[in-house]
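Structural overview for review
Here are the chains, one letter per residue:
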Amino acid sequence: MNQLTPKDWIFIKQRLTPYLFLLPALVLLALTVFWPALQAFYLSFTSYEDIAQPPQWIGFANFLKLWKDAVFWKTLENTFLYLVGVVPILVIAPLVLAILVNQKLRAMNWFRAAYYTPVVISMVVAGIAWKWLYAENGLLNQLLKALGLFPEGIPWLTSPEKIFGIVPISLASVMAVTVWKGLGYYMVIYLAGLQSIPADVYEAAAIDGSDGISKHWDITIPLMKPYLALVAVISAISATKVFEEVYIMTQGGPLSSSKTIVYYLYEQAFGNLEISYACTIGLVLFLIILGLSILRLVINQERADNITI
């Protein structure tokens, strides 16, 4: 048997040292993320209604129950509406704001701070404040009554009626809070991308006759495509996992019109103590987010390849 030489020990030490630094974080992740995730996956195939008794294996019964659950499909529909309603706005509007605050004008830093302020506000505080604004005698209804537009006001958070027959009023009201909260965050991402575009590119475009708004169609948007795709994926993942706004403002009502899949999971787990069924819902949610995360990795890889080129 050949003995290890000093060079071999040095090589092994160099290869093992990075993993030793990663070991504490890996242990922490294993205890707080990976092991609970494996337990949740196992519980989705069991019946665990009585926490005093061990879970009983029932196979795919929870998935069959989920397939026949009308409320689950309603929450899935609401989540899809949330994606369709929120993501396009959070992709386009922050880019417009980023272009505006990227101008070299006096006091522009104050405008940047003002647009970013909602991001640092706690969602609990923001949700309560918007709930007051949406109240029957809140500021929004008082303003509408003063203008004579809706003398009786609008039941922002208490109406299951749909706007244009598509989105419930209660769900649209919660969407507005998500958009308001996320504008500044995605604006900063776009701002970083705008500041990486060389000024001489715009100068060359101006010589060719592309100036004003047209320069953004010709220069800004094509060069910002990686950022647009990144924001689209990040905002889609966030919209899929929305919970705080719904919990604080509507608690899924009325008639499940604003109930999302994450809130339904919470309701089954901590309201009805259907732990196994909640794990099944969580597994479906995991697969959805996994697909969006893979899409994000692909986009990041394409962005890195473009930068390398």
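Residues numbered from 1 in each chain as written. Predicted model: local features only at pLDDT ≥ 70, side-chain atom pairs only at ≥ 80, totals over all residues. Heavy atoms only, no water.

Note the following rule: UniProt positions are given in the numbering used here, feature names are shortened, and annotations may be inferred rather than shown by experiment.
For the protein chain, an unreviewed UniProt entry supplies the name Binding-protein-dependent transport systems inner membrane component and the organism Nostoc commune NIES-4072. Taken directly from UniProt, the Sequence similarities (unreviewed entry) text for the protein chain runs: "Belongs to the binding-protein-dependent transport system permease family." Recorded under Subcellular location (unreviewed entry), the UniProt text for the protein chain is reproduced unchanged: "Cell membrane".

A closer look at the overall build of the protein chain
The line we're drawing: Helix numbers and strand numbers start at the N terminus; a helix is a DSSP run of H or I with at least 4 residues, a strand a run of E with at least 2. Only the C-alpha atoms count toward the radius of gyration. The rule for a globule is 2.2 Å times the residue count to the power 0.38. Whether a residue is buried, partly exposed or exposed follows from its accessible area with a 1.4 Å probe, protein chains only, as a fraction of its type maximum: under 20%, in between, or over 50%, in that order. Here, two residues are considered to be in contact whenever any of their heavy atoms come within 4.5 Å of each other. A 1.4 Å probe and the Shrake-Rupley method give the accessible areas. Residues count as covered only by the protein chains that appear here. Positive charges are assigned to Lys and Arg, negative charges to Asp and Glu, while His and the chain termini are left out of the count. Charge positions are represented by NZ for Lys, CZ for Arg, CG for Asp and CD for Glu.
The helix and strand inventory of the protein chain stands at 13 helices and four strands. For the protein chain, the C-alpha radius of gyration of 25 Å lies well beyond 19 Å, the compact-globule estimate for 309 residues. In terms of its C-alpha atoms, the protein chain occupies a principal-axis envelope of roughly 85 × 55 × 30 Å. Buried residues in the protein chain amount to 37% of all 309 residues. Here the contacts in the protein chain between residues at least 6 apart in sequence split such that 65% fall between residues at least 24 apart. Per element, the accessible surface of the protein chain, about 19200 Å² overall, is 69% carbon and sulfur. The average position of the 19 basic charges and that of the 19 acidic charges among the side chains of the protein chain differ by 6 Å.

Remarks on the UniProt feature "transmembrane region" (unreviewed entry) in the protein chain
Mapped onto this numbering, the UniProt entry gives "transmembrane region" (unreviewed entry) at residues 20–38, 80–101, 113–133, 163–180, 227–249 and 275–299. The span residues 80–101 shows a helical share of 100% and a strand share of 0%, and its end C-alpha atoms are spaced 32 Å apart. Secondary structure within residues 113–133 divides into 90% helix and 0% strand; the distance between the first and last C-alpha atoms comes to 23 Å.

Comments concerning the UniProt feature "domain: ABC transmembrane type-1" (unreviewed entry) in the protein chain
Cross-referencing UniProt, the feature "domain: ABC transmembrane type-1" (unreviewed entry) maps to residues 76–296 in the present numbering. In this annotation, residues 76–296 is assigned 73% helix and 2% strand; the end-to-end C-alpha distance for the span is 21 Å.

What about the packing of aromatic side chains?
We count it as follows: Here is the rule: rings of Phe, Tyr and Trp (six-membered ring for Trp) pair when centre to centre is within 6.5 Å. Planes less than 30 degrees apart are stacked, more than 60 are edge-to-face, and the remainder are tilted. When the NZ atom of lysine or the CZ atom of arginine is within 6 Å of a ring's centre and also within 35 degrees of its normal, the charge is said to sit over that ring.
All chains considered together, the criterion is met by 19 aromatic pairs. Through pairs of rings, three or more aromatic residues link up here, namely F41, Y42, F45, W57, F60 and F63. Positioned over the ring face of Y277 is K65, at 4.3 Å from the centre of the ring.

Quick word on a nonpolar patch on the surface
Counted only if it meets this: The patch calculation keeps residues exceeding 30% relative accessible area without a salt bridge and links them within 9 Å when they carry like charges or within 5 Å when they are nonpolar (Val, Leu, Ile, Met, Phe, Trp, Tyr). Salt bridges are defined by distance alone: a side-chain nitrogen of Lys or Arg within 4 Å of a carboxyl oxygen of Asp or Glu.
Side chains of W9, F11, I12, L16, L20, L23, V27 and L31 sit close together on the surface and give an oily, nonpolar patch of about 820 Å² of accessible area. Structurally, the position occupied by L23 is in helix α1 (residues 6–43).

Considering the packing of helix α3 (residues 70–101) against helix α4 (residues 108–120)
As a reminder of what qualifies: The angle between two axes is taken between their N-to-C directions and runs from 0 to 180 degrees, where each axis is a line fitted to C-alpha atoms and a helix contributes only its stretch in contact. Put simply, angles under 35 degrees are roughly parallel, angles over 145 are roughly antiparallel, angles from 65 to 115 are roughly perpendicular, and the rest are oblique. In a left-handed crossing the near helix is turned counterclockwise from the far helix by less than a right angle, and in a right-handed crossing that turn is clockwise. All residues other than Ala, Val, Leu, Ile, Met, Phe, Trp, Tyr, Cys, Pro, Asp, Glu, Lys and Arg, Gly among them, are scored as polar; the first ten of these are nonpolar and the last four charged.
Between α3 and α4, the shortest axis-to-axis distance is 10 Å and the interhelical angle comes to 160°. Classed by the angle they form, the pair α3 and α4 counts as roughly antiparallel. Every pair of crossing elements has a handedness; the one defined by α3 and α4 is left-handed. For the pair α3 and α4, the contacting residues are L97, L100 and V101 in the first and M108, F111, R112 and Y115 in the second. Looking at the contact of α3 with α4, its residues break down into six nonpolar, no polar and one charged.

Concerning the side chain of S257
Here S257 lies in the loop between α11 (244–249) and α12 (261–271). Once residues lying within four places of it in the same chain are set aside, the contact partners of S257 are K74, N78, S159, P160, P168, S170, L171 and G252.

Let's talk about the environment of M187
Along the chain, M187 falls in helix α7 (residues 169–195). Between the alpha carbons of M187 and V91 there is a distance of 9.3 Å; along the sequence they are 96 residues apart. Beyond its immediate sequence surroundings of up to four residues, M187 is in contact with P94, L97, A98, V101, R112 and Y115.

Some details on the packing of helix α5 (residues 123–134) against α7
With their axes 11 Å apart at the nearest point, α5 and α7 run at an angle of 135° to one another. It follows that α5 is oblique to α7 by the angle criterion. At the point where α5 passes α7, the crossing takes the right-handed sense. Mapping the contact onto sequence places M123, A126, W130 and Y134 in α5 and S173, A176, V177, W180 and K181 in α7.

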